[in-house]
Every structure is written in C-alpha cells, then in structure tokens.
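Analysis of the macromolecular model
Take a look at the letters that make up each chain.
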Amino acid sequence: MAKIVSINISEKKGVVKVPVDKATLKINHGIVNDAHAGNWHRQISLLGKESIDKMKERGFNHLKFGDFAENITTEGINVYKLPVGTRLTLGECEVEVTQIGKKCHGGCEIKKTTGDCVMPREGIFVKVISEGTINIGDEVKILKESMV
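Residues numbered from 1 in each chain as written. Predicted model: local features only at pLDDT ≥ 70, side-chain atom pairs only at ≥ 80, totals over all residues. Heavy atoms only, no water.

Within a sheet, each strand pairs with its neighbour through backbone hydrogen bonds, oriented either parallel or antiparallel. The sheet built from 3 strands is open, its strands ordered β4-β3-β10 with antiparallel pairing. Sheet topology places β4 (30-31) and β10 (132-135) at the edges, where each strand pairs with a single neighbour. (Pairing = 2+ DSSP bridges. Helix = DSSP H or I, 4+ residues; strand = E, 2+ residues; numbered from the N terminus.)

Across 3 bridges, strand β5 (residues 44-48) lies against strand β9 (residues 124-130) in antiparallel orientation. Bridge assignment links Ile44 to a residue of β9, and that residue is Val126. Direction of pairing for strand β8 (residues 93-100) relative to β9: antiparallel, over a ladder of 6 bridges. When the sheet's bridge partners are listed, Glu96 is paired in β9 with Lys127.

Glancing now at the nonpolar core. Within the largest apolar cluster, 23 residues are counted, with the highest numbers of intra-cluster contacts made by Leu25, Ile44, Leu46, Leu90 and Ile134. Elements that contribute at least two residues to this core include exactly β1 (3-9), β3 (22-26), β5, β7 (87-90), β8 and β9. Among all residues touching Leu90, those that are not within four sequence positions of it are Ile4, Leu25, Leu46, Ile72, Val95, Ile134, Glu139 and Val140. Residues Leu47, Ile52, Phe60 and Leu63 belong to the second largest nonpolar core, which totals 6 residues. (Core = buried A, V, L, I, M, F, W, Y, C linked by side-chain atoms within 4.5 Å. Buried < 20%, exposed > 50% of the residue type's maximum accessible area, 1.4 Å probe, protein only. Contact = heavy atoms within 4.5 Å.)

Put into structure tokens, the structure is as follows:
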C-alpha cells in the first residue's frame, strides 16, 4: 500500500518546511497555511521516500522528510513516473499531477551541501481537485492514470 509518510509546510517562503500531523487541502489553493500554496499549477509538491533514500545511500544520512521542500513525502509509489494528468487520492482528497520535476534554483541548500538534489528530477506537483484533510499514514491511490 502506498501512503503518506510526512506532511511538511512553511509559514513563509525561504524557510525550511516543518512537519505537521495533518493538513487541510483546499481547491484553487493547495495546503492551508503553507506559504507556497496558491491558485496555480504547483499547489502541492510530492517526493517519494525512495528518492530521499537514494541520497541517503550516497552517504547523506542527515537528510530528513521536508528537507527537499516537499509538502508530502510518499512511500510505496514512484510518483515521478506518473504522467501529467494522473489523478490520485491522498486520504479523502483528490489531486491531479500537473508537473514532473522542476528547475533547481541557484540557492538550493541540498545541492550546495551534497552536490545533487533529487527534487528537480523526481519531485512532482499536483493541484487539488477535491478538498478535505490528509493525515500521516493515509493511503495514496492512483484513480486514473493519464495517457498524455
């Protein structure tokens, strides 16, 4: 079973995300109380625990959930292999994949420290389709995989 293992938010841009036990997802917004939320295609970021583990295997054991600025850390699903347009459920909420990866900004602390960052390659972004509350441990399910 794929699941949510961490939920992370930041009160303002430019600061490290902090873990929370649950979060409210809102249509045309993203995660309530997260500084990066807004009415755009990158409302929520997801990264798999498996991607973080790749960095840990390279000797960067100090890395923890949220260090890659991901809002939601998943386990048991290769999120970066999901095509844009794929619909997922995160607990009781539905989201749609809008972007795979991103351009890494010049000030990325992880890249400065380790020489690499998996978020630009393996992180994804989603927008909220149906709102509600998500919790750590909630199941992640593919509803409809896009053929795009």
